[in-house]
There are 2 protein chains.
Amino acid sequence: MASSDTQGKRVAVIGGGLVGALNACFLAKRNFQVDVYEAREDIRVAKSARGRSINLALSYRGRQALKAIGLEDQIVSKGVPMKARMIHSLSGKKSAIPYGNKSQYILSISRENLNKDLLTAVESYANAKVHFGHKLSKCIPEEGVLTVLGPDKVPRDVTCDLVVGCDGAYSTVRAHLMKKPRFDYTQQYIPHGYMELTIPPKNGEYAMEPNCLHIWPRNAYMMIALPNMDKSFTCTLFMPFEEFERLPTRSDVLDFFQKNFPDAIPLMGEQALMRDFFLLPAQPMISVKCSPFHLKSHCVLMGDAAHAIVPFFGQGMNAGFEDCLVFDELMDKFNNNLSMCLPEFSRFRIPDDHAISDLSMYNYIEMRAHVNSRWFLFQKLLDKFLHAIMPSTFIPLYTMVAFTRIRYHEAVLRWHWQKKVINRGLFVLGSLIAIGGTYLLVHHLSLRPLEFLRRPAWMGTTGYWTRSTDISLQVPWSY
Amino acid sequence: MASSDTQGKRVAVIGGGLVGALNACFLAKRNFQVDVYEAREDIRVAKSARGRSINLALSYRGRQALKAIGLEDQIVSKGVPMKARMIHSLSGKKSAIPYGNKSQYILSISRENLNKDLLTAVESYANAKVHFGHKLSKCIPEEGVLTVLGPDKVPRDVTCDLVVGCDGAYSTVRAHLMKKPRFDYTQQYIPHGYMELTIPPKNGEYAMEPNCLHIWPRNAYMMIALPNMDKSFTCTLFMPFEEFERLPTRSDVLDFFQKNFPDAIPLMGEQALMRDFFLLPAQPMISVKCSPFHLKSHCVLMGDAAHAIVPFFGQGMNAGFEDCLVFDELMDKFNNNLSMCLPEFSRFRIPDDHAISDLSMYNYIEMRAHVNSRWFLFQKLLDKFLHAIMPSTFIPLYTMVAFTRIRYHEAVLRWHWQKKVINRGLFVLGSLIAIGGTYLLVHHLSLRPLEFLRRPAWMGTTGYWTRSTDISLQVPWSY
């Protein structure tokens, strides 16, 4: 890497959240002069605000990005491994479905702690600075000119060589790109909202199996629970907004939980459930797609700013972290040449981020509807079996997404191909079973399922078929 | 209509373009106090600016809206009727395909004159005022609070009961709605750009058939020409941006026209073609969809602000005008109750505006690719024939869209149903022709196409089939 051509060049990273802070580390490591502008106060000193999801699932892609800036071990040590989905049926029965093989797991990570660690990592670079309480008020992305409002509310103009928009699903940088010609954009809210609830520790220990992501699939509704380091679980209830609106009173909520999640009530505690349920209204979930991710050689979007996705594949943070890693790899490839690297980032990365967006939306239906069905369990077993006998040819979708860096869009293509092959295989298998079953029926019970194919009597009595029943049964499939 | 409950209520219409001005007439007629804020100067006094398309196709929906405010006759008298598409083939051959029956036509209308007439119509209401040179700088749509910048650049706050966003494809009002929770939005640029060119009058007369919309379909490219009242034609060339970029010099342009539109060069004049071609760069085309169109009882979007569509069905203005008419009909139905009327407008109108958006995108491909094919001509003839024999059952799509007020989304449903019926009919017809043809072959040429079905010789010679060729041909289809 030629670092000389980055030294002295200024990069403004908008947003000091997870992706912004990680990106600042990557860029600082590359010797850019990095300024991070974060609208909120420093979360390491300020009182924590409720609202955003509390914990996140870190998987391979995110870990690889953290590894590249030397933070993997530190972050992983503060996560709780989750080796399986634990499905809670309505009757209270629990069944575990492993995510992968015995050594594969995802990690439940505290968003707040991760963000704090990343901010501290940014500040460990002498050439990086985080400006808290600085809000982007205006931006001329094609010229690298920003206007930021600091705590003194005085607008200050900043000029830089590169603006990196990591300012989340409601990105201000993206709003400025949207006004440029030929910028495609979609935002879509799903009918579901989410609400966070808590399962506290029980006698100082986890109240449920700790190394699992717990799922209560109920078709229209779904609840999940992720373990925290303090031995509590954070539950997230997903439900259509109109259903939330049908639960205005405490007794409505209790009835609803008794009907749908009876085993969760004693775990949460009735009082605490009521307190959490009415603390905040249900939050919306947005899916955002755009194209391109860049403007000339001056501005690029990453993370939720480029592709906010619904949370049903647990890949939001991982996709955002992989954005940073992919950009870093392209900067290596193009020797820090921004005018080549930015268009290539759009060209290369958009199909992948759109693919994980589509997969997450697909799982939005899949996870609620099928996780409790026998068919789903059968498919997972079949996936596992096929992967075991053909480890490099057949890789389950979840494994490709969570435990490899196979490009998301390639994972989708392989998945479609695998589904086709499986369906054909099942068809052949089903046919063979039918044939075999029929044979057995015929052989053991002396039935004649193909009687109707025999030559009609009026054709004469000299034919082969009418000679003897015994002979016809000896060669029943030879025609 | 109870006008008393609108009197004194204030409506701010943002945008004094076609839809904004028409809407202001509707609302003023309903006794609201109407203020129109238009960012540009008064086009009736200012020098006209080039850029937006010069002429538009007015059809039934737009005319019905104009009729409701008493302007239909005035506007129609300033339009040039177009009764048919005139297809220009590469060889210079021209073929006319009528739009409907002999009394049906669309009108080529000057955007500028129409806008001027509508603004004058607004000002004829004592309770309506147009504020030119007033730009919307901020808006709190849920409270009906606006900040406008007048020519003095001093921000002025305005409070009103209803904000109507008619500020076009790049709507500022919509940008504010987008920040509200659960507002779905899509903007998509198509790969084509457009450029306007001119065919001047020839010896004081139209240089081509005046009562046609001329089309030069060339697959990847397309040119159209609409007649003006001054006996000129305005041509619009549609072409991918990358193709425009391949024509940097005058000789490139001339070569391109000689290759693709040879008959247009003498009509335009080589000098004028060059002047027009290099006057302005090609302009982008955007398709915008959003949902909902309203916010509570305080804000509603209409026209391009709600649904910018690509121009390939000639329905942009008509759909926008019908928005105003539909809203007016709902205001009648709900007795001017905005809190009922606005949600109902979203519920009722969005499927229709999304349908015409999809149809226009469909025509983007259809018009370029198929207008010159025999199959397209055959389909149009078939449509005409079926419509003639079953006028109320079978209505061609174009007729439903351009010459009726059948809801756009219902037109699409009917069209799909009709296509299915036609395809089945064609299949049956094709089968009958094949059968009849075979019969004739057999009967007149003594061929035996069904020879292979005859009883094989080894089955014996006593069968019916081998008795005599003559008899078998007498009852060839009886089995």
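Named according to UniProt, chain A is Kynurenine 3-monooxygenase originating from Mus musculus. Checking UniProt for chain A, the heading Pathway contains the comment "Cofactor biosynthesis; NAD(+) biosynthesis; quinolinate from L-kynurenine: step 1/3." Annotation of chain A in UniProt includes, under Subcellular location, the sentence "Mitochondrion outer membrane".

(A) Just the pattern of salt bridges, in detail. Residue and element names in this part refer to chain A. As enumerated under the stated definition, the model contains 46 salt bridges over all chains in all. Here Asp117 ties to Lys78 by a salt bridge, and the two come within 2.8 Å at their closest N and O atoms. Taken together, the residues span a long stretch of sequence, with Asp117 in helix H4 (residues 111–123) and Lys78 in the loop between helix H3 (72–76) and strand E4 (80–82) at a distance of 39 residues. When the shortest N-O distance is used, the salt bridge between Glu243 and Arg246 registers 2.9 Å.

(B) Local environment of the packing of aromatic side chains. For the structure on display, the rule yields 31 aromatic pairs over all chains. Where A:Phe257 meets A:Phe261, the ring centres are 5.5 Å apart and the plane angle is 55°; that geometry is what we call tilted. Centroid distance B:Tyr398 to B:Phe403: 6.1 Å. Interplanar angle 70°. Geometry classified as edge-to-face. Of the two residues, B:Tyr398 and B:Phe403, both sit in the buried class. Three or more aromatic residues link up through ring pairs in this structure, and these residues are A:Tyr99, A:Phe313, A:Tyr398 and A:Phe403. The ring of B:Tyr398 has B:Arg85 lying over it, and the distance from NZ or CZ to the ring centre is 5.0 Å. Between the NZ or CZ atom of B:Arg407 and the centre of the ring of B:Phe348, over which it lies, the distance is 3.7 Å.

(C) The arrangement of unusual backbone geometry in detail. All names here are of chain A. Backbone torsion omega between Ser291 and Pro292 reads -5°, so that peptide bond is classified as cis. With respect to the element layout, Pro292 can be found in the loop between strand E17 (283–291) and strand E18 (294–295). With a phi angle near 75°, Asn31 is a residue other than glycine that sits in the positive phi range. For Asn31, the location among the structural elements is in the loop between helix H1 (18–29) and strand E2 (33–38).

(D) Structural view of the UniProt feature "transmembrane region" in chain A. In the numbering used here, UniProt assigns the "transmembrane region" feature to residues 385–404 and 425–445 of chain A. Taken as a whole, residues 385–404 of chain A contains 60% helix and 0% strand, while its terminal C-alpha atoms sit 19 Å from one another.

(E) Inspection of a positive patch on the surface at higher detail. A contiguous patch of positive charge, built from A:Lys135, A:Lys153, A:Lys179, B:Lys135, B:Lys153 and B:Lys179, is present on the exposed surface. With respect to the element layout, B:Lys135 can be found in strand E9 (residues 135–140).

(F) Focus on the relation of the copies chain B and chain A. After a rotation of 180° and a shift along the axis of 0.0 Å, chain B superposes on chain A with an RMSD of 0.1 Å. On the angle and the small slide along the axis, the relation comes out as a two-fold axis. Residues of chain B ranked by C-alpha distance from the rotation axis are headed by B:Thr186, positioned 2.0 Å from it. Looking at the interface residues of chain B, 100% of them are also at the interface in chain A, so both copies use one shared face.

(G) Molecular detail of the packing of helix H1 (residues 18–29) of chain B against helix H11 (residues 316–333) of chain B. Residues and elements named next belong to chain B. One can describe the packing of H1 onto H11 by two numbers: an axis separation of 10 Å at closest approach and a directional angle of 20°. When the axis of H1 is compared with that of H11, the two are roughly parallel. As for the relative orientation of H1 and H11, their crossing is right-handed in sense. Judged by residue contacts, Leu18, Val19, Leu22, Asn23, Phe26 and Leu27 of H1 engage Met317, Gly320, Phe321, Cys324, Leu325, Phe327 and Asp328 from H11. For the contact of H1 with H11, a count of residues per class yields 10 nonpolar, 2 polar and 1 charged.

(H) Structural context of the UniProt feature "binding site: FAD" in chain A. Residues and elements named next belong to chain A. The positions that UniProt labels "binding site: FAD" are, in the present scheme, Val19, Tyr37, Glu38, Ala39, Arg40, Ala57, Arg111, Leu136, Thr172, Asp304, Met317 and Asn318. Take Ala57: it is sitting in strand E3 (residues 55–58). With residues up to four places along the chain from it excluded, the contact list for Ala57 reads Met82, Ile106, Leu107, Leu226, Gly314, Met317 and Asn318. Along the chain, Leu136 turns up in strand E9 (residues 135–140). With relative accessibility at 8%, the residue Leu136 sits in the buried group.

(I) Representation of the interface of chain B and chain A in the model. Listed per partner, the contact involves 18 residues of chain B and 18 residues of chain A. Per-residue buried area on chain B facing chain A is highest for B:Arg182, B:Gln187 and B:Tyr189; these three make up 41% of the total on that side. Where chain B packs against chain A, one counts 9 residue pairs in polar contact (both at pLDDT 80 or more). The biggest single contributor to the side of chain B that touches chain A is strand E13 (residues 184–199) of chain B, with 8 residues. Split into classes, the residues belonging to the side of chain B that touches chain A amount to 11 nonpolar, 3 polar and 4 charged. Direction of pairing for strand E13 (residues 184–199) of chain A relative to E13(B): antiparallel, over a ladder of 3 bridges. Bridge pairing links A:Thr186 to B:Thr186 in E13(B).

(J) Layout of the nonpolar core. In terms of nonpolar packing, the biggest core is built from 160 residues, with A:Leu118, A:Phe321, A:Phe327, B:Leu118, B:Phe321 and B:Phe327 touching the most fellow members. When residues no more than four places from it in sequence are discounted, the contact partners of A:Leu118 are A:Leu18, A:Ala21, A:Leu22, A:Cys25, A:Leu66, A:Ile69, A:Leu71 and A:Phe321.

(K) View of the sheet that holds strand E7 (residues 106–110) of chain A. All names here are of chain A. The strand order across the open sheet built from 3 strands is E3-E7-E4, with neighbouring strands paired in antiparallel fashion. If you trace the sheet from one side to the other, it starts and ends with E3 and E4, each paired once. Strand after strand, the sheet turns through a mean of 35° between neighbouring axes, direction not considered. Sheet analysis places E4 next to E7, joined by 3 bridges and oriented antiparallel. From the neighbouring strand, Pro81 faces E7, where its bridge partner is Leu107. Against the sheet, H4 makes contact with E3 and E7, and its axis sits at roughly 80° relative to E7, the strand it touches most.

(L) Up close: helix H7 (residues 250–260) of chain B. Residues and elements named next belong to chain B. Listing the buried residues of H7 in full gives Val253, Leu254, Phe256, Phe257 and Asn260. Seen from one end, H7 has its buried residues packed into an arc of 160°, which puts them on one side. Tucked inside the fold, the buried residues of H7 contact E13, strand E14 (212–218), strand E15 (221–227), strand E16 (233–240), helix H8 (264–268) and helix H9 (270–277).

Parameters at a glance
Residues numbered from 1 in each chain as written. Chains lettered and ligands numbered in written order. Predicted model: local features only at pLDDT ≥ 70, side-chain atom pairs only at ≥ 80, totals over all residues. Heavy atoms only, no water. UniProt positions renumbered as here; feature names shortened; annotations may be inferred. Salt bridge = Lys/Arg side-chain N within 4 Å of Asp/Glu carboxyl O. Helix = DSSP H or I, 4+ residues; strand = E, 2+ residues; numbered from the N terminus. Phe/Tyr/Trp six-rings, centres within 6.5 Å; stacked < 30°, edge-to-face > 60°. Buried < 20%, exposed > 50% of the residue type's maximum accessible area, 1.4 Å probe, protein only. Lys NZ or Arg CZ within 6 Å of the ring centre and 35° of its normal. Patch = residues over 30% accessible without salt bridge, like charges linked within 9 Å, V, L, I, M, F, W, Y side chains within 5 Å. Areas by Shrake-Rupley, 256 points an atom, 1.4 Å probe, with all protein chains shown as cover. Lys, Arg positive; Asp, Glu negative; His and termini not counted. Charge placed at Lys NZ, Arg CZ, Asp CG, Glu CD. Least-squares fit on C-alpha atoms with pLDDT ≥ 70 in both. Contact = heavy atoms within 4.5 Å. Axes fitted to C-alpha atoms, helices over the stretch in contact; angles between N-to-C directions. Parallel < 35°, antiparallel > 145°, perpendicular 65-115°, else oblique. Left-handed = near helix turned anticlockwise from the far one by under 90°. Nonpolar A, V, L, I, M, F, W, Y, C, P; charged D, E, K, R; others polar. Buried area = accessible area lost by both parts, 1.4 Å probe. Polar contact = N/O pair within 3.5 Å; in protein donor to acceptor, adjacent residues only side chain to side chain. Pairing = 2+ DSSP bridges. Core = buried A, V, L, I, M, F, W, Y, C linked by side-chain atoms within 4.5 Å. Arc of directions from axis to C-beta.

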